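Each chain is listed here by its residues.
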Amino acid sequence: MKTKKEHISAEDFRRYMEDRMSDAERNRFERELQKNPFEAEALEGFSHIPVTDMQKDLQELKHKITSKKRRNKYSYWAAAASLLLILSAGVIWYTLNEKPVIPEVAQTTTQQKPDEQETNDKTAQPADAEDTEMLQKETNATEQYDLNAVEMPAQKQLKSDSGTKKMAAAEAPSSSVKGITEGQTQMENHEEAAESISRSENSFTQQPAYSLLSSEPSIPRHMQIMRGKIVSADDSTPLPGATIWQKGTQNAIVSNAEGKFELNTVGDSSNPVVASFVGMETAEVQTATDSFQVIALQPEQIALDEIVITGHGTQAKRELTSSVSTVKIYEDTKARPEAGMDSLNSYLEKQAVLPADYPKEREVVKLLLTINEYGEITKMLNRNKSDSLLFNQAKEIIRNGPDWLPEVKDGERIVSEKKMKIIFRK
Amino acid sequence: MQLIPFYRKKKEKPDSELLGLYLETREPEVLGELYARYMHLVYGVCLKYFKEPEKSKDAVIQIYEKIHLEIHRHEVKNFKSWLYVVTKNHCLMDLRKKKPGETVRVSTEEEWGLFMENEAELHPVDRTPDEMPEQALEKCIERLKAEQRKCIDLFYLKNKSYREISGVLEMEEKKVKSHIQNAKRNLKICMEEKK
């Protein structure tokens, strides 16, 4: 060992441990250890593994470290590349997310147009008090309506360039106000009011999705409220918390405590209303706004999946965060007749009859039964040393008697003994 | 070896020089070379604490990664003793992590550093003879208990290995070691009294 060396080499450790050093060398090595706790502790550690492993492990570690060094050089490139990847992925995601807005608007507008005409016809015909009520609400909320008007043409015009969009948006509210004031003056005449509204409606085709999302008090004009109640078909009890929605729209509502609901609907028979409730079959009905609808749901007849319990390793109870319960397959019981003690007693009463010529009127035979884990009677002892004739008869009676269930302790069936008393009478 | 004198020269560089070079250039390979010198010691210490080769190997790699970050945060003068502290800390922290219920005070590295400095200061008996205040030491050795004195005598003055001593004194090697340890502690106390 060279004194100028600042540490003891791995080779020295190996030689010491393999006992290839002279005693003088050993002393020098041990002295070094006395000086250096680092080396001393390392030697302690090496005593935990075979000497042959030490060389191998160190070789492996050296290899790992040198390969790590090389890898470090690429880490900058890797970092830059991954950054670029994330960035480009972000851009792609952003652009993809942006696109669908335009076709969606275009689609809904074309779809909505014929619908609107239909609703217009409808609103024109009944024109009941509800309509006027709605109208008043709307005219009161002219301000909010203007807001709608500003946004709606803006959406519609997304296709055109942004310059003209603003102008169109500025124009739109004024025309809507015009339409509404027109409606206000002709309030008494429902039909005309409805007409004027439908006119203004046509000019800014409204989106159903938009009206749902906004929780403004104004109900868009072509929307109608469907009122009804959800009940169970079984016993006609109301179902609170049932979900009711109109297909093809985002109009949805939950029934109240009495099972009643009011659903905003788009007046179109091609969009039926669907009602669903847990444990009930989903029902579909036509949208009907003119009457109170009672929707009865049939109970669902589906067998639940069987539960499969799978074990994933073991865990100490004290380290477990969830609660633990033990499911016992058998409940702990004493050994007992399968049909119950009463039926056994009545059976014994019938069977335990003394022979006609027996000297006594009443004789008791005490037995000790041994019942194994399968409920079989394996042994019967005569506890009171009674007449062997009666004992044999008692054994016969028990053997032919009801089946037994074994005693269960800690969830497991065990062998048990059972004391019995059979009273023989004439 | 003669053919590649530069390589050899580089190999022979003392720790302090390599450390200086690393701090200057920040070339990870330099630190890697420095680490490789003591890797077997790190591995041994890890083995002592974890008692599992696989876990210890992982720890050696983790410590290697750790020193790249830590070395800039501390003023490292003696790489080896610093590495010893880092290694020990890493192992102890890892073992403490295993017992979440307990609250164990984890000593800061500064504290460890202080402790280490004290440790690193050579015990009088470990010094080479010329720097030993011999007379005082001899007197102190005389005052030791018989077994401790014999062990010190055989180990330091007659240059016998643990095994030889255990043979001569008929006691276990472990006993020999602990006698030497205790004797050293007593000697230190004695020497300090003398001053």
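Residues numbered from 1 in each chain as written. Chains lettered and ligands numbered in written order. Predicted model: local features only at pLDDT ≥ 70, side-chain atom pairs only at ≥ 80, totals over all residues. Heavy atoms only, no water.

Thoughts on the side chain of A:Glu407
Residue and element names in this part refer to chain A. Residue placement: Glu407 occurs in strand β12 (residues 407–409). Residue class for Glu407 comes out buried when judged on its relative accessible area of 13%. The contacts of Glu407, once residues within four sequence positions are left out, are Thr333, Lys334, Ala335, Glu412, Arg413, Ile414 and Ser416. (Helix = DSSP H or I, 4+ residues; strand = E, 2+ residues; numbered from the N terminus. Buried < 20%, exposed > 50% of the residue type's maximum accessible area, 1.4 Å probe, protein only. Contact = heavy atoms within 4.5 Å.)

A short note on the nonpolar core
Nonpolar side chains in soluble globular proteins tend to end up buried together. If you look at the biggest cluster of nonpolar residues, it comprises 65 residues, and the most contacted ones within it are A:Phe13, B:Tyr35, B:Ile67, B:Phe79 and B:Leu83. In contact with B:Tyr35, not counting residues within four places along its chain, are A:Ile65, B:Val42, B:Val60, B:Ile63, B:Tyr64, B:Ile67, B:Phe79 and B:Leu83. Formed by 21 residues, the second largest nonpolar core is a distinct cluster that contains A:Tyr347, A:Leu354, A:Val365 and A:Leu369. (Core = buried A, V, L, I, M, F, W, Y, C linked by side-chain atoms within 4.5 Å.)

Points about the packing of aromatic side chains
In this structure the tally under the stated criterion is ten aromatic pairs over all chains. Consider the rings of A:Phe38 and B:Tyr84, whose centres lie 4.7 Å apart with planes at 35°: the pair is tilted. On the criterion of chain membership, the pair formed by A:Phe38 in helix α3 (residues 37–46) and B:Tyr84 in helix α5 (residues 79–97) is interchain, its members lying in two chains. B:Tyr84 carries the same exposure label as A:Phe38, and that label is buried. When the centroid spacing of 4.8 Å and the interplanar angle of 90° are considered together, the rings of B:Phe155 and B:Tyr156 count as edge-to-face. A relative accessible area of 0% places B:Phe155 in the buried class. Of the residues examined, B:Tyr156 reaches a relative accessible area of 8% and is grouped as buried. Put simply, the rings of A:Phe13, A:Tyr16, A:Phe29, A:Phe46 and B:Tyr43 touch in pairs and so form one group of aromatic residues. Positioned over the ring face of A:Tyr16 is A:Arg26, at 4.3 Å from the centre of the ring. (Phe/Tyr/Trp six-rings, centres within 6.5 Å; stacked < 30°, edge-to-face > 60°. Lys NZ or Arg CZ within 6 Å of the ring centre and 35° of its normal.)

Considerations on unusual backbone geometry
Of note in this structure, A:Asp19 is not a glycine but carries a positive phi near 65°. With respect to the element layout, A:Asp19 can be found in the loop between α1 (10–17) and α2 (23–35).

Considerations on the interface of chain A and chain B
Contact residues are listed per partner, giving 37 residues for chain A and 47 residues for chain B. Regarding the contact of chain A and chain B, the summed buried area is about 4,000 Å², with carbon and sulfur atoms giving 60% of it. The interface formed by chain A and chain B holds eight salt bridges in total. Note that B:Lys80 and A:Glu39 form a salt bridge whose closest N and O atoms lie 2.8 Å from each other. Taken together, the connections running from chain A to chain B amount to 20 residue pairs in polar contact (both at pLDDT 80 or more). Within the residue set of the side of chain A that touches chain B, elements represented by two or more residues are α1, α2, α3 and α4 (51–98) of chain A. When residues in the side of chain A that touches chain B are grouped by element, the largest group, ten residues, is from α4(A). (Buried area = accessible area lost by both parts, 1.4 Å probe. Salt bridge = Lys/Arg side-chain N within 4 Å of Asp/Glu carboxyl O. Polar contact = N/O pair within 3.5 Å; in protein donor to acceptor, adjacent residues only side chain to side chain.)

Focus on the environment of A:Met226
All names here are of chain A. Tracing the backbone through its elements, the reader meets Met226 in strand β1 (residues 223–232). The sequence separation of Met226 and Phe292 amounts to 66 residues, and the corresponding C-alpha distance is 7.6 Å. Setting aside anything within four residues of it in sequence, one finds Met226 in contact with Phe261, Glu262, Leu263, Thr265, Val273, Val285, Gln286, Thr287, Ala288, Thr289 and Gln293.

Here's the deal with the confidence of the model for chain B
Residues and elements named next belong to chain B. This prediction gives chain B a mean pLDDT of 76; 74% of its residues lie at or above 70. Here residues 1–10 scores under 50 on pLDDT; set against residues more than four positions off or in separate chains, the count is three contacts. Confidence over residues 102–120 falls short of pLDDT 50; this stretch has 18 contacts with residues more than four positions distant or in other chains. (pLDDT = per-residue confidence, 0-100.)

Details of the pattern of salt bridges
Scanning the entire structure with this criterion turns up 27 salt bridges over all chains. Among the ionic pairs, A:Glu11 bridges to A:Arg14, the shortest N-O distance being 3.1 Å. In this pair, A:Glu11 and A:Arg14 are both assigned in helix α1, three residues apart and thus about one turn of the helix distant. The partly exposed category is assigned to A:Glu11, whose relative accessible area is 35%. Overall, A:Arg14 belongs to the buried group, its relative accessible area being 17%. Among the charged side chains, a salt-bridge network with shared partners connects A:Asp57, A:Glu60, A:Lys64, B:Glu54 and B:Lys57.

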